[in-house]
Amino acid sequence: MSEWLQCIGCERRFDASEVRYTCECGELLSVERDAMPDRAIFDARLASRKTIDKSGVWRFREAVLNVDENEIVTHPEGSTRLYERGGILFKHEGENPTGSFKDRGMTVAMTQAKRLSARAVACASTGNTSASLAAYAAQAGLRAIVFIPAGKVATGKLAQTLAYGATALHIRGDFDAAMQLVREASDRLAIYLVNSINPFRIEGQKTIVWELLQDLEWNAPDWIVVPAGNLGNTSAFGKALREAFDAGWITKMPRLASIQATGANPFYRSYVDAFAQRHRIAAETIASAIRIGDPVSHRKAVSAIQLTNGIVEQVTDDELMRAKREIDEMGIGCEPASATTLAGVKKLRAAGVMRDGERIVCVLTGHLLKDTDAIMRNVPPERMIEIDATMDAVVNALR
Ligand code: F0G
């Protein structure tokens, strides 16, 4: 079985062992392969105790990366739970080793980094990619350098990134500026770039959808709902569905719904004018993970929406925080960006786009504890009461 890099624009091919993120023509690259396995081998691995079979990424390895088993850098990751609450399914990617879906792409990008003999890896990040990069680089024994927008990353994510041993460059600028800078720096300083512009990241993130389909015994749902920031996931989901459909793993194509925050909605704006143009904005939202104004995977994400007859929706910070509280109070919990999914479902149901009886899966991208500041700012006073250490005070407080 062979694999290569292919330009999504001019279709020019490059060797998979080349360090390259874009084509000569400037477009993004995608990993393509000439054969796909039968899905039965993935199901057989569910009973295995082998580490790479327990990984929800490497269980699908023939369709992820052609690599010797002993070269794989895996925690393992994936194999996350699917919850049903109130008729909606939630695939909780916050249950990955570093608390976000990023681990699925990172295990593949880090495996590739090792194969290419990289000595250092880098990314721009709103916090989750950096934490994931730092953890996997620690495991792989590579130097980790992260470019983060100064003062704009949730404290827990930054602490996590530093704890795993990364060097953090606090960029005076927003995520988009950090992204541009890390692209230039990785070219100039021969550092391997593992943002989702790296096509191997996308190969790992496809497995969110494949594992979800496997969870549903390969009966595709009607909708898969995902938060949209830099558009790596939207792109990966489109590719996962195209490949699953072409390989005959599923016989029905689910519709993708990508949800943005209104203050960080360049993809939504583009969708509204039928993708006639690409928008770049200065982004602002309480959901700091998706405070992104110039998503790098725009063009791949457009294809994903078109392929799946998908839609793009936007929700306000109020709507997403209300949805977050609902998800939290189901006993599941997620970070603010992840809650755009439920907020989007509510809006799309109200508009009649999503109908009663349709099977909907929301992908929760990050763990509740990733952004505790967002929680503490919103606790109702009657739920957090300071009292004297006396029984009277307890009785009074609970009256
Ligand atoms: N949800 C969470 C929790 C995220 O951290 C991100 C992206 C997204 C959704 C958006 O996904 O970029 O694939 O559209 N976080 C990146 C980071 C930007 O640096 O951690 P996307």
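Residues numbered from 1 in each chain as written. Predicted model: local features only at pLDDT ≥ 70, side-chain atom pairs only at ≥ 80, totals over all residues. Heavy atoms only, no water.

The omega torsion of the bond from H75 to P76 falls at 5°, within 30 degrees of zero and hence cis. Topologically, P76 is positioned in the loop between α2 (51-54) and β4 (82-85). Phi is positive for E217, close to 55°, though the residue is something other than glycine. Using a relative accessible area of 63% as the deciding quantity, one classes E217 as exposed. Phi at L231 takes a positive value of approximately 75°, unusual for a residue other than glycine. With respect to the helices, strands and loops of the structure, L231 is situated in the loop between β10 (223-227) and α8 (232-246). Overall, L231 belongs to the buried group, its relative accessible area being 2%. (Helix = DSSP H or I, 4+ residues; strand = E, 2+ residues; numbered from the N terminus. Buried < 20%, exposed > 50% of the residue type's maximum accessible area, 1.4 Å probe, protein only.)

Let's shift gears to empty space enclosed by the protein. On inspection of all chains with the given rule, the structure shows two cavities of 30 Å³ or more. Roughly 330 Å³ of volume is contained in the largest cavity. Along the wall of the largest cavity there are 27 residues; nearest its centre are F101, K102, N230, A289 and I290. It is α8 that contributes the most residues to the lining of the largest cavity, three residues altogether. A volume near 30 Å³ is recorded for the second largest cavity. Classifying every residue of the lining of the second largest cavity gives five nonpolar, one polar and two charged. (1 Å grid on protein atoms, 1.4 Å probe; cavity = no way out; pocket = protein on both sides within 12 Å on 5 of 7 lines; lining within 4 Å. Points joined across faces, edges and corners; volume = space filled by probe spheres on them. Nonpolar A, V, L, I, M, F, W, Y, C, P; charged D, E, K, R; others polar.)

Below, the discussion takes up the packing of aromatic side chains. Counting across every chain of the model gives eight aromatic pairs. Aromatic pair F42 and W249: ring centres 5.1 Å apart, planes at 85°, arrangement edge-to-face. Of this pair, F42 sits in helix α1 (residues 40-44) while W249 sits in the loop between α8 and β11 (255-261), and the two are 207 residues apart along the sequence. For the pair F42 and W249, one class covers both residues: buried. Clustering of aromatic rings is evident, with ring pairs tying together F42, F60, W210, W218 and W249. (Phe/Tyr/Trp six-rings, centres within 6.5 Å; stacked < 30°, edge-to-face > 60°.)

Glancing now at the packing of helix α3 (residues 102-115) against helix α7 (residues 199-215). Here α3 crosses α7 at 140°, and the two axes come no closer than 7 Å. Here α3 lies oblique to α7, going by the angle between them. Two packed elements cross with a definite hand, and for α3 against α7 that hand is right-handed. Every residue of α7 that contacts α3 at K102, R104, G105, M106, V108, A109 and Q112 is listed here: F200, R201, E203, G204, Q205, T207, I208 and E211. Classifying every residue of the contact of α3 with α7 by side-chain character gives five nonpolar, five polar and five charged. (Axes fitted to C-alpha atoms, helices over the stretch in contact; angles between N-to-C directions. Parallel < 35°, antiparallel > 145°, perpendicular 65-115°, else oblique. Left-handed = near helix turned anticlockwise from the far one by under 90°. Contact = heavy atoms within 4.5 Å.)

With that settled, consider the sheet that holds strand β5 (residues 88-92). What links the strands of a sheet is backbone hydrogen bonding, and the strands pair in either a parallel or an antiparallel sense. Judged by pairing direction, the sheet is mixed, and its six strands sit side by side in the order β4-β5-β13-β10-β11-β12 without closing on themselves. One side of each edge strand has no neighbouring strand; the edge strands of this open sheet are β4 and β12 (311-315). Strand-to-strand twist of the sheet, defined as the mean angle between neighbouring strand axes without regard to direction, takes the value 25°. Sheet analysis places β10 next to strand β13 (residues 360-364), joined by three bridges and oriented parallel. Bridge pairing in β13 links V225 to C362. (Pairing = 2+ DSSP bridges.)

What follows deals with the state of the cysteines. In total, this model carries zero disulfides according to the counting rule given. In this structure C362 is not part of a disulfide, and its nearest cysteine sulfur, from C334, lies 9.5 Å away. (Disulfide = S-S within 2.5 Å.)

For the rest of this paragraph, the subject is the sheet that holds strand β6 (residues 120-124). Pairing is parallel across the open sheet formed by four strands, whose spatial order is β8-β7-β6-β9. The open sheet is flanked by β8 (167-171) and β9 (192-193), the only strands paired with a single partner. Note: strand β7 (residues 143-149) against β8, five bridges, orientation parallel. Among the inter-strand pairings, V146 is bridged to a residue of β8, identified as A168. Docked against the sheet, helix α6 (residues 175-189) engages β6, β7, β8 and β9, running at close to 155° with respect to β6.

All right, on to the pattern of salt bridges then. By the definition in use, this model includes 31 salt bridges. A salt bridge links K239 to E203, with the nearest nitrogen and oxygen atoms 2.7 Å apart. A residue pair is termed long-range when its members are at least 10 positions apart, and K239 in helix α8 and E203 in helix α7 qualify at 36 residues. Just as K239 is buried, E203 falls in that class too. Taking the shortest distance from any N to any O, the salt bridge between E313 and K347 comes out at 3.8 Å. With E313 in strand β12 and K347 in helix α12 (residues 340-350), this pair connects stretches of sequence that are 34 residues apart. When its relative accessible area of 13% is taken as the criterion, E313 is described as buried. Residue K347 is classed as partly exposed on the basis of its relative accessible area, which comes to 30%. One network of salt bridges, with partners in common, ties together E3, R33, E203, K206, K239 and E243. (Salt bridge = Lys/Arg side-chain N within 4 Å of Asp/Glu carboxyl O.)

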